[in-house]
Amino acid sequence: MIKFVNVSKAYPNGSVALEDVNLEIEKGEFVTIVGPSGAGKTTLNKLMLAEEEPTEGTVLFENTDINTFNNAQTTRLRRRIGMVFQEFRLLPNKTAYENIAFAMEAAGKSDEEIVSDVPHVLQLVDLADRMFHFPNQLSGGEKQRLAIARAIINQPEVLIADEPTGNLDMHNTSEVIEILKKINDLGTTVVLTTHDQQLIKAVGQRIISMERGRIVGDDNKARTTV
Ligand code: ADP
């Protein structure tokens, strides 16, 4: 589904973020990318969204080089990929319900769809009783679960979670991981990045280790047992 072929990325200031990365993520996988700060994880995510271009090599989404896309095709690609960030990026002046409704409106969904889908997705992330709370009335874990609900409401095929537990304690971290697993069980490909070596034990699926821009380990046993 997503493929990196001999991808290197150097930023204009000369920082080399990725070096000769080869990686294939299949539909339906739950992939965790682990590595210390500066290893290149965020750059990898940006390349998947065509927010950055590789200096060398090719990034393919369903066998098409995404860096040949025109604007309309890039917009379509980004609609197929949901994003969750460490710092949540919720709209502070909108309730939980409205944060999700807003993402649906932006994707052209009808009022009927919004009224019927928002409560369902809030239930999926165990926030049915927080529907009319504002972000500052939610705990960190609740905020991240709301951000996940918003990221999946338009049914992307892939969910990229970039350090989603970076601001959370252990209890909330495991709740977020359980929800990501549930979303993966429902068919969405999940790509989780983290610097937290402890976290990968809780995830227990394919783990890709990165160091200084290179993939130094790829435990894809989960893939071969499917
Ligand atoms: P991680 O997400 O694993 O912390 P990043 O992909 O953010 O890693 O960064 C990888 C390397 O690329 C680091 O050395 C970082 O300083 C550099 N880098 C990231 N973004 C930029 C940028 N926009 N301009 C210049 N260098 C960057």
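Whatever comes next refers back to the structure up there.
Residues numbered from 1 in each chain as written. Predicted model: local features only at pLDDT ≥ 70, side-chain atom pairs only at ≥ 80, totals over all residues. Heavy atoms only, no water.

Quick word on the nonpolar core
- Core analysis: the largest hydrophobic core is formed by 37 residues, its most contacted members being Ile 100, Leu 122, Leu 146, Ile 148, Leu 159, Leu 180 and Leu 192.
- For this core, the elements supplying multiple residues, two or more each, are helix H3 (96-106), helix H4 (111-124), helix H5 (140-152), strand S7 (158-162), helix H6 (170-185), strand S8 (189-194) and helix H7 (197-203).
- Residues in contact with Ile 148, not counting those within four places in the same chain, are Val 84, Leu 159, Val 176, Ile 179, Leu 180 and Ile 183.
- One finds Ile 2, Ala 50, Val 158 and Ile 208 within the second-largest nonpolar core, a separate group that totals 27 residues. (Core = buried A, V, L, I, M, F, W, Y, C linked by side-chain atoms within 4.5 Å. Buried < 20%, exposed > 50% of the residue type's maximum accessible area, 1.4 Å probe, protein only. Helix = DSSP H or I, 4+ residues; strand = E, 2+ residues; numbered from the N terminus. Contact = heavy atoms within 4.5 Å.)

Things to note about a negative patch on the surface
- On the surface, a cluster of negative charge is contributed by Glu 105, Asp 111, Glu 112 and Glu 113.
- With respect to the helices, strands and loops of the structure, Glu 113 is situated in helix H4.
- You can call Glu 113 partly exposed: its relative accessible area is 34%. (Patch = residues over 30% accessible without salt bridge, like charges linked within 9 Å, V, L, I, M, F, W, Y side chains within 5 Å. Areas by Shrake-Rupley, 256 points an atom, 1.4 Å probe, with all protein chains shown as cover. Salt bridge = Lys/Arg side-chain N within 4 Å of Asp/Glu carboxyl O. Lys, Arg positive; Asp, Glu negative; His and termini not counted. Charge placed at Lys NZ, Arg CZ, Asp CG, Glu CD.)

Some points on the sheet that holds strand S6 (residues 81-85)
- Taken in spatial order, the six strands line up as S6-S7-S8-S3-S9-S10 in an open sheet, and their pairing is mixed. Of all strands in the sheet, those bounded by a partner on one side alone are S6 and strand S10 (214-219). When strand polarity is set aside, the average angle formed by the axes of neighbouring strands in this sheet is 15°.
- Two elements, S7 and S8, share five bridges in a ladder whose sense is parallel. In the sheet register, Asp 162 faces S8, and the bridge partner there is Thr 193.
- Each of S6 and S7 is contacted by H5, which is oriented at about 165° to S6, the strand it contacts most.
- The strands touched by H6 are strand S3 (30-34), S7 and S8; relative to S8, the strand with the most contacts, the crossing angle is about 155°. (Pairing = 2+ DSSP bridges. Axes fitted to C-alpha atoms, helices over the stretch in contact; angles between N-to-C directions.)

Topic: the site of the ligand
- Around the ligand, the surrounding shell consists of Tyr 11, Asn 13, Ser 15, Ala 17, Pro 36, Ser 37, Gly 38, Ala 39, Gly 40, Lys 41, Thr 42 and Thr 43.
- Between an oxygen atom of the ligand and a main-chain N or O atom of Gly 40, the distance comes to 3.0 Å.
- Within the side chain of Lys 41, an N or O atom sits 2.8 Å from an oxygen atom of the ligand.
- Alone, the ligand offers 570 Å² of accessible surface; in the complex the protein occludes 65% of this.
- The element contributing the most residues to the shell around the ligand is helix H1 (residues 41-48), with three residues.
- Counted by class, the shell around the ligand contains four nonpolar, seven polar and one charged residues. (Near = heavy atom within 4 Å. Polar contact = N/O pair within 3.5 Å; in protein donor to acceptor, adjacent residues only side chain to side chain. Nonpolar A, V, L, I, M, F, W, Y, C, P; charged D, E, K, R; others polar.)

Re the environment of Thr 42
- Looking at the element boundaries, Thr 42 is found in helix H1.
- For the pair Thr 42 and Ala 17, spaced 25 residues apart in the sequence, the C-alpha separation amounts to 9.2 Å.

Focus on the sheet that holds strand S1 (residues 2-10)
- On the basis of which strands lie adjacent, the open sheet formed by four strands has the order S2-S1-S4-S5 and antiparallel pairing. A strand with exactly one partner marks an edge of an open sheet, and here the two such strands are strand S2 (16-25) and strand S5 (64-65).
- Across five bridges, S1 lies against strand S4 (residues 56-61) in antiparallel orientation. The partner of Ile 2 across the bridge, within S4, is Phe 61.

What about the environment of Gly 28?
- If you trace the backbone, Gly 28 turns up in the loop between S2 and S3.
- With residues up to four places along the chain from it excluded, the contact list for Gly 28 reads Asn 184, Gly 187 and Thr 189.

Examining unusual backbone geometry
- For Asp 126, which is not glycine, the phi dihedral falls at a positive 60°.
- Within the secondary structure layout, Asp 126 lies in the loop between H4 and H5.

Looking at the packing of aromatic side chains
- Scanning all chains against the criterion turns up one aromatic pair.
- We note Lys 9 situated over the ring of Tyr 11; from NZ or CZ to the ring centre the distance is 5.2 Å.
- Positioned above the aromatic ring of Phe 85 is the side chain of Arg 89, whose terminal nitrogen or guanidinium carbon lies 3.6 Å from the ring centre. (Phe/Tyr/Trp six-rings, centres within 6.5 Å; stacked < 30°, edge-to-face > 60°. Lys NZ or Arg CZ within 6 Å of the ring centre and 35° of its normal.)

So, the side chain of Ser 8
- Of note, Ser 8 is situated in strand S1.
- In this view, Ser 8 contacts Leu 18, Glu 19, Asp 20, Pro 54, Thr 55 and Glu 56; residues no more than four positions away in its chain are not counted.

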